[in-house]
Amino acid sequence: MEFFTDMWMALPEGLRAVLAASTKIMMVVGPLMLAVAYVTLAERKIIGRIQVRIGPNRVGFFGHSLWGLGQPIADAVKLLFKEIVLPSGANRVLFLIAPMLSLGPALAAWAVLPLNAEFVIADINAGLLYILAMTSIGVYGVIVAGWASNSKYAFLGAMRSAAQIVSYEIAMGFALVVVLMAAGSLNIRDIVLAQEGGVLGWFWAPLLPMFLVYFISGVAETNRAPFDVAEGESEIVAGFHVDYSGMAFAVFFLAEYANMILIAALAAILFLGGWLSPFEGTALASLPLLGNGIHWLLLKIALFVFLYLWFRATFPRYRYDQIMRLGWKVFIPVTLVWLVVVGVAVMYPPLWDWLTGFGLLAVALTLLLVVFRGAVKPSGVIMP
Amino acid sequence: MSQLVIFFVFAAIMVFAGVMVITVRNAVHSALFLVLAFFSSAAIWLLMEAEFLAIVLVLVYVGAVMVLFLFVVMMLDVNTARLKEGFIRYLPVGLLVAVLIAFQLIMVVGGERFGLEDYPKPVPKAADYSNTEALGAVLYTEYLFAFEVAAVILLVAIVAAISLTMRRRNTVKTQKPEMQVAVRREDRIRIVSMASEPRNGREDGS
């Protein structure tokens, strides 16, 4: 053991810093890519169940089907060996750069996300700003792909997507501004630590409207159903990646799922207390696994990813003008009002408890309404 | 040492991208090179410990302004060959104006205002120094009035741009989303009760 420590110390300091940073990056990106692969399987399984199907269950390992756990690997191998077709009218360089432009920012944003109280790749002061910047440049992959393909379908898809992402970015940015006001810091670790104190300390209750706006904008930002007009099959085939095949298409696919996991992680960190345990402050927190830890963060991320899949199986696609109306005329005014309310609450702390109470009441009333309506009038049944 | 290497790498990329912006033929390529130039300058700002400005440059210019730029440039059919027509003919005049402007600039801000002895090497700030907080403190105390005036001017510009371009056309049928949302089942369907038809022996469709 001492031998290895000596070896390590013998390296020049610059090299040590680079090696340490690379190891940390590997520790995040490796599991992340694996998670991306298995989210695709989870999506097919879960949506299959919702639609009363089984989903992929054939491909396994070593002759055992294992509920289809080998499916993502098989898909990846298939896509690796497919030919990447370059359309003759396409702009070669941009056509090949575009998939990288869309995957890169989705992975780069993880640099500032703390996974537990100690582990974060780069603990920078302007973490939240960095995340906003990284998520905002993800749109280049889509635009460049649409233009470089030299195809009308791809171009229309890129235009739709760019307009949609730019519109929802504003509401998303305001929601993040409200979070940073409530936490009093741009550093993501400080934002999580500001949410200490169990479920009621998390920001979801006092910032309930922002929580909803943030997550719905996140769904729109990632071009997922019900906001997936950028790849509306019935209108423009597959949208911006219509001309992509093989691994170039797979990278777009990876980028979409990496972005989904990123938005889920951000929602978990900013509004559900990240790695904090819901039992914090009670006697239960001293039990093993019930205290703070990375497993809570992973659970919360899984919850949001499940919501993504649930949305896709449940809602029909929005019409384009409806998307624009929701973004500009509903979300932005809501965020502006809550910005002022939270500003007052930061200056006058007793209001903070009122906001928490308001959030709890709203959730309770919604649940009641859903249960009550469901009991009285089953939807879809026409009474004579 | 490593900082110097990073600086020269990014500076070289920035100069290269800047030259490409004005020389490249395709307007979309030109816009993308501008994005590259913004990125490199953001990296150089990061080296100068101006992390807030660097990230905001990426967020605002790269993430929003250039996206809209690209949006417009891609939809236009720009013929650069026609735009560059007469380039040689007007070159002497352009050069003359450029030299004049450069001369005037040198007259106003001459070399005596630059020089390393006038500007001591900045002292690196401590690791916990927050650029964002410092900027916020200055912006909302010392320069509050100027800041607010700038904000109001921008707002006026937005209102003006919208009022200039918005027009309501009464001849076009558009959807009214609020009416669509407010619609109820009773508005759309009517259930009538009627006596069932008597059998007349033609049930098989013959």
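Let me sum up the structure you'll find in this document. Note that the structure is a prediction, hence the values are computed from the model and not measured.

Definitions and cut-offs
- Residue numbers run consecutively from 1 along every chain, following the written order of its sequence.
- Each chain gets a letter, beginning with A, and each ligand a number, beginning with 1, in the order they are written.
- Local features in this predicted model are restricted to residues whose pLDDT is 70 or higher, and side-chain atom pairs enter the listing and the counts only when it is 80 or higher, whereas totals over whole chains, interfaces and linings include all residues.
- Based on all heavy atoms of the structure, the side-chain values leave hydrogens and waters out of the count.
- Counting from the N terminus, the helices are DSSP H or I runs at least four residues long and the strands are E runs at least two residues long.
- The buried label applies to any residue whose accessible area, calculated with a 1.4 Å probe on protein chains only, is under 20% of its type's maximum; exposed applies above 50%, and partly exposed to all values in between.
- For the radius of gyration, the atoms used are the C-alpha atoms, and the globule rule reads 2.2 Å times the number of residues raised to 0.38.
- Contact criterion: two residues are considered in contact whenever any of their non-hydrogen atoms come within 4.5 Å of each other.
- Residue burial considers only the protein chains on display, and all accessible areas are found by Shrake-Rupley using a 1.4 Å probe.
- Just so you know, the count uses Lys and Arg for positive and Asp and Glu for negative, and it drops His and the chain ends.
- Positions of charges follow a simple convention, taking NZ of Lys, CZ of Arg, CG of Asp or CD of Glu.
- Two parts lose some accessible area (1.4 Å probe) when they are put together, and adding that loss for both gives the buried area.
- In the sections that follow, a salt bridge refers to a side-chain nitrogen of Lys or Arg positioned within 4 Å of a carboxyl oxygen of Asp or Glu.
- We call two N or O atoms a polar contact when they sit within 3.5 Å, provided that within protein one can donate a hydrogen and the other can accept it, with sequence-adjacent residues counted only if both atoms are side-chain atoms.
- Each residue is assigned to one class: nonpolar for Ala, Val, Leu, Ile, Met, Phe, Trp, Tyr, Cys and Pro, charged for Asp, Glu, Lys and Arg, and polar for all the others, Gly among them.
- In this description, a line fitted to the C-alpha atoms serves as the axis of each element, helices being fitted only across the stretch in contact, and the angle between N-to-C directions of two axes falls anywhere from 0 to 180 degrees.
- Should an angle lie under 35 degrees it is considered roughly parallel, over 145 roughly antiparallel, and from 65 to 115 roughly perpendicular; all remaining angles are considered oblique.
- What makes a crossing left-handed is the near helix being turned counterclockwise from the far one by less than a right angle; a clockwise turn instead makes it right-handed.
- Here a Phe, Tyr or Trp ring, Trp counted by its six-membered ring, pairs with any other such ring whose centre lies within 6.5 Å, and the pair is stacked when the planes are under 30 degrees apart, edge-to-face when over 60, and tilted otherwise.
- Only when the NZ atom of a Lys or the CZ atom of an Arg is both within 6 Å of the ring centre and within 35 degrees of the ring normal do we say a charge sits over the ring.
- As defined here, a cavity is a set of points on a 1 Å grid over the protein atoms alone where a 1.4 Å probe fits but cannot get out. A pocket is an open set with protein on both sides within 12 Å along at least five of seven lines, and residues line them when an atom is within 4 Å of a point.
- Grid points are joined across faces, edges and corners, and a volume is the space filled by probe spheres set on the points.
- For a helix, the expected span equals 1.5 Å multiplied by the residue count minus one.
- Note on bend: at a given residue it equals the angle between the axes fitted to the 7 residues ending there and to the 7 starting there.
- Patch definition: residues with relative accessible area over 30% and no salt bridge; like charges joined within 9 Å; nonpolar side chains (Val, Leu, Ile, Met, Phe, Trp, Tyr) joined within 5 Å.

**Considerations on the overall build of chain B**
Point 1. Helix and strand counts for chain B stand at nine helices and zero strands.
Point 2. Secondary structure of chain B in N-to-C order comes out as α-α-α-α-α-α-α-α-α.
Point 3. The C-alpha extent of chain B, read off along each of the three principal axes, is 110 × 55 × 40 Å.
Point 4. The buried share among the 206 residues of chain B stands at 18%.

**So, the overall build of chain A**
Point 1. The helix and strand tally for chain A stands at 14 helices and zero strands.
Point 2. Each helix (α) and strand (β) of chain A, taken in turn from the N terminus, gives the series α-α-α-α-α-α-α-α-α-α-α-α-α-α.
Point 3. In terms of overall dimensions, chain A is globule-like: its C-alpha atoms have a radius of gyration of 23 Å, near the 21 Å expected for 384 residues.
Point 4. Classification of the 384 residues of chain A by burial places 47% in the buried group.
Point 5. When contacts within chain A are restricted to residue pairs at least 6 apart in sequence, long-range pairs at least 24 apart make up 74% of them.
Point 6. Accessible area for chain A stands at about 18800 Å²; split by element, carbon and sulfur atoms hold 73% of it.
Point 7. If the 22 positive side-chain charges of chain A are averaged to one point and the 21 negative ones to another, these points end up 13 Å apart.

**Examining the interface of chain A and chain B**
Point 1. With 28 residues of chain A at the interface, the matching set in chain B holds 31 residues.
Point 2. The contact between chain A and chain B buries some 2400 Å² in all, and 75% of this surface belongs to carbon and sulfur atoms.
Point 3. Taken as a group, Leu-129, Tyr-140 and Trp-147 of chain A account for 23% of the area that chain A buries against chain B, more than any other trio of residues on that side.
Point 4. Taken together, the links from chain A to chain B amount to zero salt bridges.
Point 5. Where chain A touches chain B, the interface holds two residue pairs in polar contact (both at pLDDT 80 or more).
Point 6. Those elements that place two or more of their residues in the side of chain A that touches chain B are helix H5 (127–137), helix H6 (139–148), helix H7 (152–183) and helix H13 (320–347) of chain A.
Point 7. Looking at the side of chain A that touches chain B residue by residue, the class counts come to 20 nonpolar, four polar and four charged.

**Structural notes on the packing of H5 of chain A against helix H3 (residues 51–75) of chain B**
Point 1. Where H5 of chain A contacts H3 of chain B, the axes come no closer than 9 Å and their chain directions differ by 25 degrees. As the angle between them shows, H5 of chain A and H3 of chain B are arranged roughly parallel. Note that H5 of chain A runs across H3 of chain B; the crossing there is left-handed. When H5 of chain A is examined against H3 of chain B, the residues Leu-129, Tyr-130, Leu-132, Ala-133, Ser-136 and Ile-137 of chain A are found in contact with a partner set consisting of Phe-52, Ile-55, Val-56, Val-58, Leu-59, Val-62 and Gly-63 of chain B.
Point 2. Taken together, the residues that form the contact of H5 of chain A with H3 of chain B break down as 11 nonpolar, two polar and no charged.

**A look at the packing of aromatic side chains**
All names here are of chain A.
Point 1. With the rule as written, the count across this model stands at 23 aromatic pairs over all chains.
Point 2. Between the aromatic rings of Phe-253 and Tyr-257, the centroid separation amounts to 5.0 Å while the plane-to-plane angle is 50 degrees, which identifies the pairing as tilted. Remark: Tyr-257 and Phe-253 occur in helix H11 (residues 246–271); sequence separation between them is four residues, near one turn of the helix.
Point 3. Exposure remark for Phe-253: the relative accessible area of 32% places this residue in the partly exposed category.
Point 4. Relative to Phe-358, the ring of Trp-338 has its centre 5.6 Å away and its plane inclined at 35 degrees; by these criteria the two rings are tilted. Of this pair, Trp-338 sits in helix H13 while Phe-358 is found in helix H14 (residues 350–376), placing the two residues 20 residues apart along the sequence.
Point 5. Every member of this aromatic cluster is reached through a ring pair, and the members are Phe-211, Tyr-214, Phe-215, Phe-271, Phe-304, Tyr-308, Phe-311 and Phe-315.
Point 6. The ring of Phe-119 carries the charged tip of Lys-24 above its face, separated from the ring centre by 6.0 Å.
Point 7. The cationic tip of Lys-300 hangs over the ring face of Trp-202; the distance from NZ or CZ to the ring centre is 4.0 Å.

**Let's talk about the pattern of salt bridges**
Point 1. Under the counting rule described, the total for this entry stands at seven salt bridges over all chains.
Point 2. With its nearest N and O atoms 2.6 Å apart, the salt bridge here joins Arg-224 of chain A to Glu-43 of chain A. Of the two residues, Arg-224 of chain A is situated in the loop between helix H9 (208–221) and helix H10 (233–236) and Glu-43 of chain A in helix H2 (residues 13–50); the sequence distance between them amounts to 181 residues.
Point 3. Given the relative accessible area of 4%, Glu-43 of chain A is considered buried.
Point 4. Of the charged contacts, one joins Asp-187 of chain B and Arg-184 of chain B as a salt bridge, the two residues approaching to 3.4 Å between their closest N and O atoms.

**Some details on the side chain of Glu-221 of chain A**
Residues and elements named next belong to chain A.
Point 1. Tracing the backbone shows Glu-221 in helix H9.
Point 2. Despite being buried, Glu-221 has no salt bridge partner; Arg-224 is the closest side chain of opposite charge, sitting 14 Å away.
Point 3. If we skip the residues at most four places from it in the chain, Glu-221 touches Thr-135, Ile-165, Tyr-168, Glu-169 and Met-172.

**Regarding empty space enclosed by the protein**
With a probe scaled to a water molecule rolled over the atoms, the places where space remains empty come into view.
Residue and element names in this part refer to chain A.
Point 1. Enumeration over the complete set of coordinates arrives at one cavity of 30 Å³ or more.
Point 2. Size it by volume and the largest cavity reaches roughly 320 Å³.
Point 3. Lining the largest cavity we find 21 residues, and of these Gly-138, Ile-165, Glu-221, Thr-222 and Asn-259 sit closest to its centre.
Point 4. Of all the secondary structure elements, the ones that give two or more residues to the lining of the largest cavity are helix H4 (92–108), H5, H6 and H11.
Point 5. Sorting elements by how many residues they give to the lining of the largest cavity places H11 first, with six residues.
Point 6. The residue inventory of the lining of the largest cavity, partitioned by class, reads 11 nonpolar, seven polar and three charged.

**A word on H13 of chain A**
All names here are of chain A.
Point 1. Its 28 residues give H13 an end-to-end C-alpha distance of 40 Å, which sits within 8% of 40 Å, the value for a rise of 1.5 Å per residue.
Point 2. Maximum bend of H13: about 30 degrees, positioned at Phe-331, with proline Pro-333 one to four residues after it.
Point 3. Looking at H13, one finds that the buried residues are Ile-323, Met-324, Leu-326, Gly-327, Phe-331, Ile-332, Thr-335, Trp-338, Val-342 and Ala-345.

**Focus on H4 of chain A**
Point 1. A rise of 1.5 Å per residue sets the reference length of H4 of chain A, with its 17 residues, at 24 Å; its end C-alpha atoms lie 25 Å apart and thus fit the reference within 8%.
Point 2. The largest bend along H4 of chain A measures about 30 degrees and falls at Ala-98 of chain A, with the proline Pro-99 of chain A one to four residues further on.
Point 3. Residues of H4 of chain A that are buried: Leu-94, Phe-95, Ala-98, Pro-99, Ser-102, Leu-103, Pro-105 and Ala-106 of chain A.
Point 4. Structurally, H4 of chain A contributes buried residues whose contacts are with H2, H5, H6 and H11 of chain A together with helix H2 (27–47) of chain B.

**Some details on the environment of Leu-355 of chain A**
Point 1. On the secondary structure map, Leu-355 of chain A appears in helix H14.
Point 2. As for Leu-355 of chain A and Val-341 of chain A, which are separated by 14 residues in sequence, their C-alpha atoms are 9.0 Å apart.

**Details of the environment of Leu-69 of chain A**
Point 1. By the secondary structure assignment, Leu-69 of chain A is in the loop between H2 and helix H3 (71–81).
Point 2. The spacing of Leu-69 of chain A and Met-9 of chain A is 60 residues in sequence and 42 Å in space, taken between C-alpha atoms.

**Some remarks on a nonpolar patch on the surface**
Point 1. Among the surface-exposed residues, Phe-61, Phe-62, Leu-66, Trp-67, Leu-69, Ile-73, Val-77, Leu-80 and Phe-81 of chain A lie close enough to one another that they form a single nonpolar patch of about 1000 Å² accessible area.
Point 2. Considering the arrangement of structural elements, one finds Phe-61 of chain A in the loop between H2 and H3.

Structural measurements only, silent on function.
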